[in-house]
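# Observations on chain architecture
So you can see what is in the structure, the chains are spelled out below.
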Amino acid sequence: MQKIFYEVNSLDKRCYEKFALTEDILMEHASSSMASYIENNFENDKTVLIVCGVGNNGADGIALARLLYSRFNVKLYIPYGVKSQMAQLQLKRVNLIGIDIVEEICQCDIVVDCLFGSGLNKDLDKSSQKLIENLNLLDAFKIACDIPSGISSIGEITTVAFNADITITMGALKVSLFSDMAKDYVGKIEVSNLGVQREIYEEDSTLFLLDKEDMKLPFRDKKDAHKGTYGHLNVVAGSKKGAGVIAAKAAFGFGAGLVSVICHECIDLPYHIMQTHKLSENCTAIAVGMGLGNYEEKEIEVILESNIPTIIDADLFYEDVILKALDKNVVLTPHPKEFCALLKLTGIANIDVPTLQKDRFKYLSEFCTKYPKVVLLLKGANVLIGQDKNIYVNSFGSAVLSKGGSGDVLSGLVAGLLTQGYSCLDAAISASLAHTIAANNYKKNNYSLIPSDLVEEVKKL
Ligand SMILES: NC(=O)C1=CN([C@@H]2O[C@H](COP(=O)(O)OP(=O)(O)OC[C@H]3O[C@@H](n4cnc5c(N)ncnc54)[C@H](OP(=O)(O)O)[C@@H]3O)[C@@H](O)[C@H]2O)[C@@H](O)CC1
Ligand SMILES: [K+]
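Residues numbered from 1 in each chain as written. Chains lettered and ligands numbered in written order. Predicted model: local features only at pLDDT ≥ 70, side-chain atom pairs only at ≥ 80, totals over all residues.

## Some remarks on the site of ligand 1
G55, N56, N57, G117 and G119 are the nearest of the 29 residues found near ligand 1. Listed by contribution, the elements that provide at least two residues to the shell around ligand 1 are α2 (23-41) and α3 (56-68). Among the residues forming the shell around ligand 1, the class breakdown is 10 nonpolar, 11 polar and 8 charged. (Near = placed C-beta within 6 Å. Helix = DSSP H or I, 4+ residues; strand = E, 2+ residues; numbered from the N terminus. Nonpolar A, V, L, I, M, F, W, Y, C, P; charged D, E, K, R; others polar.)

## Describing the sheet that holds strand β8 (residues 173-174)
Taken in spatial order, the 12 strands line up as β8-β1-β10-β19-β18-β17-β16-β15-β14-β11-β12-β13 in an open sheet, and their pairing is mixed. Lying at the two open borders of the sheet, with one neighbouring strand each, are β8 and β13 (274-276). In this sheet, strand β14 (residues 285-288) lies alongside strand β11 (residues 232-236) in parallel orientation, the contact comprising 3 bridges. From the neighbouring strand, L233 faces β14, where its bridge partner is A285. The sheet contacts of helix α12 (residues 360-370) involve β17 (375-378), β18 (383-387) and β19 (390-394), and relative to β18 the element is tilted by about 25 degrees. (Pairing = 2+ DSSP bridges. Contact = placed C-beta atoms within 7 Å. Axes fitted to C-alpha atoms, helices over the stretch in contact; angles between N-to-C directions.)

## Observations regarding the pairing of strand β3 (residues 73-77)
Within β3, 4 of the 5 residues are buried, leaving the element largely enclosed by the surrounding structure. As paired elements, strand β2 (residues 47-52) and β3 share 5 bridges and run parallel to each other. Bridging from a neighbouring strand, V51 pairs with Y77 of β3. Regarding the hand of the β-α-β motif, the stretch spanning β2, α3 and β3 is right-handed. As paired elements, β3 and strand β4 (residues 101-102) share 2 bridges and run parallel to each other. Each bridged residue has a counterpart across the sheet, and for Y77 the counterpart in β4 is V102. For the segment spanning β3, helix α4 (residues 85-97) and β4, crossover handedness is right-handed. (Buried ≥ 20, exposed ≤ 12 C-beta atoms within 10 Å, placed from the backbone. Right-handed = clockwise from strand over helix to strand, strands pointing away.)

## Some thoughts on the packing of helix α8 (residues 241-253) against helix α15 (residues 451-459)
Remark: α8 packs on α15, axes separated minimally by 9 Å, with the N-to-C direction vectors making an angle of 15 degrees. Between α8 and α15, the interaxial angle falls into the category roughly parallel. Handedness of the crossing formed by α8 with α15: right-handed. On the side of α8, the interface is formed by I246, K249, A250 and G253, while α15 contributes P451, V455, V458 and K459. Residue composition of the contact of α8 with α15, grouped by class: 5 nonpolar, 1 polar and 2 charged. (Parallel < 35°, antiparallel > 145°, perpendicular 65-115°, else oblique. Left-handed = near helix turned anticlockwise from the far one by under 90°.)

## Observations regarding α8
Residues that lie three or four places apart on an α-helix share one face, since the helix turns once every 3.6 residues. Over its 13 residues, α8 extends 19 Å from the first C-alpha to the last, a length consistent with the 18 Å expected when each residue adds 1.5 Å. The element α8 is extensively covered by neighbouring structure, given that 10 of its 13 residues are classed as buried. Among the residues making up α8, those that are buried are A243, G244, V245, I246, A247, A248, K249, A250, A251 and F252. Packing partners of the buried residues in α8 comprise β11, β12 (258-262), β14, α13 (406-419) and α15. (Expected span 1.5 Å × (residues − 1).)

## So, the sheet that holds strand β7 (residues 166-170)
Taken in spatial order, the 7 strands line up as β4-β3-β2-β5-β6-β7-β9 in an open sheet, and their pairing is parallel. In this open sheet, the two edge strands, each paired with only one partner strand, are β4 and β9 (188-192). Seen against the sheet, α3 touches β2, β3, β5 (110-114) and β6 (141-145) and runs at an angle of roughly 155 degrees to β2.

## What to know about the environment of F162
By the element assignment, F162 lies in the loop between β6 and β7. A tally of 29 C-beta atoms within 10 Å means that F162 is categorised as buried. Considered as a pair, F162 and Q85 are 77 residues apart in the sequence and their alpha carbons are 25 Å apart. Sequence-distant contacts of F162, that is, excluding residues within four places in its chain, are made with D113, I132, L135, N136, K142, A144, P148, S149, G150 and Y185.

## Overview of the domain arrangement of the chain
The domain boundaries assigned to the chain delineate domain 1 (2-203) and domain 2 (213-459). Computed over C-alpha atoms only, the centres of domain 1 and domain 2 are separated by 40 Å. Counting residues at the interface gives 9 residues for domain 1 and 10 residues for domain 2. (Domains from an automatic or database assignment.)

## Notes on α13
For α13, which comprises 14 residues, the first-to-last C-alpha distance of 20 Å matches the rise-based estimate of 20 Å (1.5 Å per residue) to within 8%. In terms of burial, α13 is a largely internal element, 14 of the 14 residues being buried.

The following block contains the structure:
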């Protein structure tokens, strides 16, 4: 996994104070990494339009123009002039070389957005909005310098943002690149080192980006094993029984040794899944909440008060009874609307979904600070998994999963790992990665996935 930072100014400062680097050195590395990307991926005669703002994001772009000039057809556009000292210095350098500055945007093969970076501190005015909209319309490969212009430091987009194919971000990954809103704009993300390797540039962080290697699948190494070795999961099926059945099937396909569905009515189950009326004596994990609907409060209380690892989903996020489980090792898997209900129930915040989506990291962090034992997996375009001080980002999610039933599969995958002895955090991380990576491996068209397809893909990981 890679570290993510809420801000990197302190990391830049550390480079100056601890390693005697200068702003000029950092910037030269920032612009060189963009130049290398262009040199390695495009023919020499291509036209590169570099659009520069007044600050140091613009300065990176002006330095890039110097590095590419004469090998590429460089068009440097500086619509609002320059303000920062570094931008003035970079402008002086390109003037001495004799690089022309164009008066308007033009057709090009590659456009590099260096308008605003980490210094965006107010809403875009009409002219910047129009400019970004026009850049987005260009039929060109789009590179964002540090962060697509229009995305704020918390990842909010109030009007418009540059629609990048790739973002080359400077020094380290920033939280702003991983908001749900940013997902459609950042494209691929690469990190440029700024004169020292990332391991040296970066300090400790409580935020992490998950890689595929963080997915630990429940492969069976033991030879002396039986079904009980891999646990007995109980799934509580409510009035919408299908949700529980989907979760049960997913858990079985992900390695659970035994799976029983708790249901008082007769229910149609595959032969390998059992039905029961109360918690099994050898139960090793519980999944509850999916499709629950009307329920017997006493029965749910008993389940939530047990000390068996539990994953809680869906309808229970609206019920007071959930408060009984929040001092235990449980996994909660709400979508944004359910998380808003939970924030209200716990007295943390009374907000609507758009407010949550503007600052998902903040609200998740507040919840996890108040309930440090709980692992909270907040669904979204980028899945966030929080426990205590740490937040892990799973950015493999895609619209393929935007379907009824996908969440029930996820609950089942988490439950399947819990029942095999994974900790709540490890179960949430590996199940979430398996869920999203399996969906990405699905080869049919991206609107057609059904829960059983997803389970089939999980089996092939
Ligand atoms: N630090 C380093 O060592 C390194 C930094 N690097 C690079 O520096 C970038 C950060 O540079 P930065 O701090 O100069 O901010 P930047 O994003 O260029 O914009 C600031 C200017 O924009 C203005 N402005 C803001 N919002 C606006 C709006 N809505 N509409 C209009 N104007 C607006 C704002 O106005 P002001 O606040 O002055 O009124 C200010 O003048 C960073 O992203 C990275 O690319 C790399 O080279 C690596 C080394
Ligand atoms: K930018």
